[in-house]
Amino acid sequence: MPHPTATPTPRICPNCDGFATAAITTGSRDRHGQLPTLTIDCRACDGQGTVPARRVREGARA
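Nothing here was measured: the structure is a model prediction, and the numbers come from that model. (Residues numbered from 1 in each chain as written. Predicted model: local features only at pLDDT ≥ 70, side-chain atom pairs only at ≥ 80, totals over all residues. Heavy atoms only, no water.)

Engineer: Any chance you could explain the overall build of the protein here in plain terms?
Structural biologist: Within the protein, the secondary structure is distributed over zero helices and four strands. Along the protein, helices (α) and strands (β) appear in the sequence β-β-β-β when read from the amino end. Taken across its 62 residues, the protein has 11% of its residues classed as buried. Long-range pairs, those at least 24 residues apart, make up 53% of the contacts in the protein between residues at least 6 apart in sequence. Only carbon and sulfur atoms are counted for the fraction: they give 52% of the accessible area of the protein, which is about 5,900 Å². (Helix = DSSP H or I, 4+ residues; strand = E, 2+ residues; numbered from the N terminus. Buried < 20%, exposed > 50% of the residue type's maximum accessible area, 1.4 Å probe, protein only. Contact = heavy atoms within 4.5 Å. Areas by Shrake-Rupley, 256 points an atom, 1.4 Å probe, with all protein chains shown as cover.)

Engineer: Teacher, can you tell me more about the environment of A22 here?
Structural biologist: Mapped onto the elements, A22 comes out in strand β2 (residues 21-25). By relative accessible area, which is 37% here, A22 ends up partly exposed. Residues A22 and T39, 17 residues apart in the sequence, show an inter-C-alpha distance of 5.6 Å. The residues touching A22, leaving out its near neighbours within four places in the chain, are L38, T39 and I40.

Engineer: Can you walk me through the environment of P14 in this structure?
Structural biologist: One can find P14 in the loop between β1 (11-12) and β2. Residues P14 and G49, 35 residues apart in the sequence, show an inter-C-alpha distance of 9.0 Å.

Engineer: Help me understand a nonpolar patch on the surface in this model?
Structural biologist: Taken together, the side chains of I24, L38 and I40 define a hydrophobic patch exposed on the protein surface, amounting to about 260 Å² of accessible area. With respect to the helices and strands, I24 occurs in strand β2. A relative accessible area of 42% places I24 in the partly exposed class. (Patch = residues over 30% accessible without salt bridge, like charges linked within 9 Å, V, L, I, M, F, W, Y side chains within 5 Å. Salt bridge = Lys/Arg side-chain N within 4 Å of Asp/Glu carboxyl O.)

Engineer: Sorry, what's going on with the confidence of the model for the protein here?
Structural biologist: Regions with low pLDDT should not have their predicted coordinates read in detail. Confidence along the protein averages 82 in pLDDT terms, with 74% of residues attaining 70 or more. The element-level mean pLDDT for the protein is lowest in strand β4 (residues 50-51), coming to 88, with strand β3 (residues 37-41) highest at 93. (pLDDT = per-residue confidence, 0-100.)

This is how it looks when you write it as structure tokens:
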């Protein structure tokens with residue numbers, strides 16, 4: 001009978017440290033005097049903040 005395997009929990013993205021979306025100002029102001037911002041997502045995790053956990057193989061070096 002096969003043993004049930006636990007689904008590995010996702011880990012925090014090493015590229016963005018979990019802060020998956022950043023707001024960046026353009027530096028110029030619009031006609032109302034507001035600073036327009038762009039929201040940019042992390043490319044590695046697609047704006048999720050986590051990446052799938054790696055499975056450790058038996059006998060593999062850590």
